[in-house]
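One-letter residues, chain by chain:
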Amino acid sequence: MVDRLEQEFKGKVEFRVYVDDSGPDNLAGTLGVQYVPTYVFVNTDGSIAQQVVGGMAEEDMRKALEALN
Amino acid sequence: MAGRKWLIWGAVAVAVAGLAYVVSRPSAPAAGDVDASAFAGLVADGVRVIDVRTAGEYEGGHIPGAENVPVDTVPQTSQSWDKTQPIAVYCQTGARSANAMSYLTGQGFATVYNLRGGIVEWSGELTRGSAAGTAAGAVKIATNGTPVLIDFSGSA
């Protein structure tokens, strides 16, 4: 599902996927991520628009991606 | 004799007035779910208020003075909090903050309040604006000129 949306939003939203990894500089710790999956939606200015813990429906994720600015 | 009688009646009147004051004076509600009116009293009393919604929800409107600590970051962020200090939590409808209250109580926090029904029940003043300076707002992610989705997945 994420792969599909990555193709759909190619060039518009950058997808960074961290599998079995806390990301660069322990980003998961910085963001307080405790559970997987966790999705963090980030605006162009770097501000966090939304942090969702747990699975998301494709349509909900699409709306969250479209809402980013 | 008459003077003594008046003295007794006077003492009775003072006792009754004192009892009425004790019964009617406002006091802090018991910890747990509280309605919006009681929650407003806690805010007025300067109780530490935690908004456990997302940064985006917080920025859309929050109770003045509330700190933004998204519910999934509560376990980490609350490690530095004083467990003897009363804490009042809220979210949009009361569900996420009920989980936060349950977690904090389980961790030994003495007095935790939850706004029953969430901020939708709140009729007081709201502040709009950035969560900058709070736990969520302090984090900035480096971008390459486009929005980013960060996916922390358990497996490929």
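In case you missed it, the structure is sitting above this.
First, a word on scope: everything that follows refers to the structure included in this document. (Residues numbered from 1 in each chain as written. Chains lettered and ligands numbered in written order. Predicted model: local features only at pLDDT ≥ 70, side-chain atom pairs only at ≥ 80, totals over all residues. Heavy atoms only, no water.)

### Considering the pattern of salt bridges
Residues and elements named next belong to chain A.
- Across all of its chains, the model carries 8 salt bridges over all chains by this definition.
- Salt-bridge contacts for E58 lead to R4; the nearest nitrogen and oxygen are separated by 2.6 Å. Of the two residues, E58 sits in helix 3 (residues 58-66) while R4 sits in helix 1 (residues 2-8), which places them 54 residues apart along the sequence.
- Where R62 meets E8, a salt bridge forms, and the shortest distance between an N and an O atom there is 2.7 Å. Separated by 54 residues along the polypeptide, R62 in helix 3 and E8 in helix 1 bring together distant segments of the chain.
- The class for E8 is partly exposed, based on a relative accessible area of 39%.
- Three or more residues joined by partner-sharing salt bridges are found here, namely R4, E8, E58, E59 and R62. (Salt bridge = Lys/Arg side-chain N within 4 Å of Asp/Glu carboxyl O. Helix = DSSP H or I, 4+ residues; strand = E, 2+ residues; numbered from the N terminus. Buried < 20%, exposed > 50% of the residue type's maximum accessible area, 1.4 Å probe, protein only.)

### Considering the environment of B:R48
Residue and element names in this part refer to chain B.
- The residue R48 is located in strand 2 (residues 48-51) in this model.
- Along the chain, R48 and V89 lie 41 residues apart, while their C-alpha atoms are 8.5 Å from each other.
- With sequence-adjacent residues up to four places away left out, R48 is seen in contact with E67, W81, Q85, P86, I87 and A88.
- In this structure the side chain of R48 is engaged in a polar contact, spanning 2.8 Å, whose partner is the side chain of E67. (Contact = heavy atoms within 4.5 Å. Polar contact = N/O pair within 3.5 Å; in protein donor to acceptor, adjacent residues only side chain to side chain.)

### Notes on the side chain of B:S153
- Note that B:S153 resides in strand 6 (residues 148-153).
- Note on B:S153: relative accessible area 14%, which makes it buried.
- In terms of polar contacts, B:S153 uses its side chain to reach the side chain of B:D151, at 2.5 Å.
- Aside from chain neighbours lying at most four places away, what touches B:S153 is A:V17, A:Y18, A:V19, A:D20 and A:V36.

### Some words on the pairing of strand 6 of chain B
- Taking burial as the measure, the 6 residues of strand 6 of chain B include 6 buried ones, the bulk of the element.
- Alternating residues of strand 6 of chain B divide into B:V148, B:I150 and B:F152 and B:L149, B:D151 and B:S153, and every residue in both groups is buried.
- Bridge count between strand 1 (residues 14-19) of chain A and strand 6 of chain B: 6 bridges; the pairing is parallel. For A:E14, the partnering residue across the bridge sits in strand 6 of chain B and is B:V148.
- Sheet topology places strand 2 (residues 38-42) of chain A next to strand 6 of chain B; 5 bridges connect them, and they run antiparallel. Note on strand 6 of chain B: the bridge partner recorded for A:V42 is B:V148. (Pairing = 2+ DSSP bridges.)

### Let's talk about the interface of chain A and chain B
- Opposite the 42 residues of chain A that make contact, chain B presents 26 residues.
- Both sides together, the interface formed by chain A and chain B hides about 3,000 Å², and carbon and sulfur atoms give 57% of it.
- Sorting the residues of chain A by area buried against chain B places A:E14, A:R16 and A:T44 first, and these three jointly supply 19% of that buried surface.
- Joining chain A to chain B, the criterion identifies 0 salt bridges.
- Those elements giving two or more residues to the side of chain A that touches chain B turn out to be strand 1, helix 2 (27-30), strand 2, strand 3 (48-53) and helix 3 of chain A. (Buried area = accessible area lost by both parts, 1.4 Å probe.)

### Some remarks on the nonpolar core
- By size, the foremost hydrophobic cluster in this structure holds 15 residues, and its most contacted members are B:F39, B:L42, B:I63, B:A88 and B:Y90.
- At the level of elements, helix 2 (36-44), strand 4 (87-90) and strand 5 (112-115) of chain B are the ones that each hand at least two residues to this core.
- Residue contributions to this core peak at 3 residues, all from helix 2 of chain B.
- Counting 14 residues, the second-largest nonpolar core is a separate cluster that includes A:F9, A:V13, A:V52 and A:M56. (Core = buried A, V, L, I, M, F, W, Y, C linked by side-chain atoms within 4.5 Å.)

### Brief notes about the packing of aromatic side chains
- All chains considered together, the criterion is met by 4 aromatic pairs over all chains.
- When the centroid spacing of 5.7 Å and the interplanar angle of 40° are considered together, the rings of A:Y18 and B:F152 count as tilted. Taken together, the positions of A:Y18 in strand 1 and B:F152 in strand 6 put the pair across two chains. Grouping residues by exposure puts A:Y18 and B:F152 together as buried.
- Consider the rings of B:F39 and B:W122, whose centres lie 6.2 Å apart with planes at 85°: the pair is edge-to-face. Of this pair, B:F39 sits in helix 2 while B:W122 is found in the loop between strand 5 and strand 6, placing the two residues 83 residues apart along the sequence.
- A residue is classified by how much of its surface remains accessible, and B:F39, at 0% relative accessible area, is buried. (Phe/Tyr/Trp six-rings, centres within 6.5 Å; stacked < 30°, edge-to-face > 60°.)

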